Amino acid sequence: MAREVVVGRNWRNVKLLILVAILAAADIGFHVEVWNTGDSITASRVGVATLIGLIMLIGGRIVPSFTHTWLLRRGGEHLPVSFNRFDFVVLLVSAIALVTWIFAPDSDATGVSFLFAAILQTVRLWRWAGPYAWREPLVLVLHLGYAFVPLGFLLGAISIFDPHTLAGTAAMHAWTVGAIGIMTLAVMTRATRGHTGRELTASALTIATYTAVITSSVLRVIAGALPQAYGSLLDFAGIAWIAAFCLFLL
């Protein structure tokens, strides 16, 4: 990846290269931590935080860009706001919150930083004019997937300040099943259609894929808040998750 960045002089992607390098280090750290302690909690947080960082960076490019293109073609008046200083502040605050979470997951400082990140990320997402693109699932799903980023921060803050309401893993599930799962399928379905010359609109099968993965994400998050129905919700979330990727494969 470094070779591609250097040869192509695509210096903008150095940030992504750094994050992927951290992800590789987290993968190594996962095995080292298990070998030494029998657990992998810290390395797992590093890996998840890095992936959320990638979604914040890449999502910050493609979500408003694809939305802008779709709305412009239809003569929309409400267009996404371009990247500016506000987005930089949001990324900075979110990065600080994630680093704090890695080293002190239960501290009040993490809870406060999570709360600020949740608010700023919600405003950032709103500035991308997602509600005006609701007619095209291929675009709307990007907004729904990214919405799990601020949701994860919010759930994380709640679990710290009111641990009796939510488990400490609430943020982890919102980010892994929701943000990572949905955004992965959203980008892959759009990329495969675009790179094979197909029309950039969601088919019935694609919509079914989105429905399944979103259902899985919502059920997984709700399961943590409803201990009396935890097992059933977890089963349904797992079935919906498997169905989503099987539908994508089909």
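These lines cover the structure that appears in this document, whether it is placed above or below. Worth saying up front: this structure is predicted, and the values here are computed from it rather than measured.

We now examine the packing of aromatic side chains. Tallying each qualifying case throughout the model produces 7 aromatic pairs. Aromatic pair Trp 101 and Trp 175: ring centres 5.3 Å apart, planes at 80°, arrangement edge-to-face. One end of the pair, Trp 101, is in helix 4 (residues 85-103); the other, Trp 175, is in helix 7 (residues 170-195), with 74 residues separating them in the sequence. Among the residues examined, Trp 101 registers a relative accessible area of 5% and is labelled buried. The exposure class assigned to Trp 175 is buried, which follows from its relative accessible area of 0%. With a centroid separation of 5.0 Å and an interplanar angle of 50°, the aromatic rings of Trp 241 and Phe 245 are classed as tilted. Of this pair, Trp 241 and Phe 245 are both found in helix 9 (residues 230-249), 4 residues apart, which corresponds to roughly one turn of the helix. Trp 241 gets classed as partly exposed once you look at its relative accessible area, which sits at 30%.

Attention now moves to the pattern of salt bridges. For the structure shown, the criterion picks out 3 salt bridges. The partner of Glu 4 in a salt bridge is Arg 3, with the nearest N and O atoms 3.3 Å apart. For Arg 3, a relative accessible area of 58% translates into the label exposed. Residues Arg 127 and Asp 87 are paired through a salt bridge, measuring 3.4 Å at the closest nitrogen-oxygen approach. Within this pair, whereas Arg 127 is found in the loop between helix 5 (108-126) and helix 6 (137-161), its partner Asp 87 is found in helix 4, the two being separated by 40 residues in sequence. Given a relative accessible area of 2%, Asp 87 falls into the buried group. A cluster of three or more residues bridged by salt bridges with shared partners is formed by Asp 87, Arg 124 and Arg 127.

Non-glycine residue Arg 9 carries a positive phi angle of around 50°. Its identity is not glycine, yet Ala 129 carries a phi of approximately 60°, on the positive side. Tracing the chain through its elements places Ala 129 in the loop between helix 5 and helix 6.

Mapping Arg 45 onto the fold places it in helix 3 (residues 41-73). Of the side chains with opposite charge, Glu 33 comes closest to the buried, unpaired Arg 45, at an N-O distance of 6.8 Å. Here the side chain of Arg 45 touches Trp 101 through a polar contact of 3.3 Å, landing on its backbone oxygen. Only 2.9 Å separates the side chain of Arg 45 from the backbone oxygen of Ile 102, close enough to count as a polar contact. Beyond its immediate stretch of four places on either side in the chain, Arg 45 contacts Trp 101, Ile 102, Pro 105 and Met 172.

Attention now moves to helix 2 (residues 14-37). Taking 1.5 Å of rise per residue, the 24 residues of helix 2 would be expected to cover 34 Å, and the 33 Å separating its terminal C-alpha atoms lies within 8% of that figure. Among all positions of helix 2, only Leu 16, Leu 19, Ala 26 and Glu 33 are buried. Buried residues along helix 2 sit in contact with helix 3. Following helix 2 by one or two positions, Gly 38 adopts a phi angle in the positive range, close to 85°.

Cut-offs applied
- Residues numbered from 1 in each chain as written.
- Predicted model: local features only at pLDDT ≥ 70, side-chain atom pairs only at ≥ 80, totals over all residues.
- Heavy atoms only, no water.
- Phe/Tyr/Trp six-rings, centres within 6.5 Å; stacked < 30°, edge-to-face > 60°.
- Helix = DSSP H or I, 4+ residues; strand = E, 2+ residues; numbered from the N terminus.
- Buried < 20%, exposed > 50% of the residue type's maximum accessible area, 1.4 Å probe, protein only.
- Salt bridge = Lys/Arg side-chain N within 4 Å of Asp/Glu carboxyl O.
- Lys, Arg positive; Asp, Glu negative; His and termini not counted.
- Polar contact = N/O pair within 3.5 Å; in protein donor to acceptor, adjacent residues only side chain to side chain.
- Contact = heavy atoms within 4.5 Å.
- Expected span 1.5 Å × (residues − 1).

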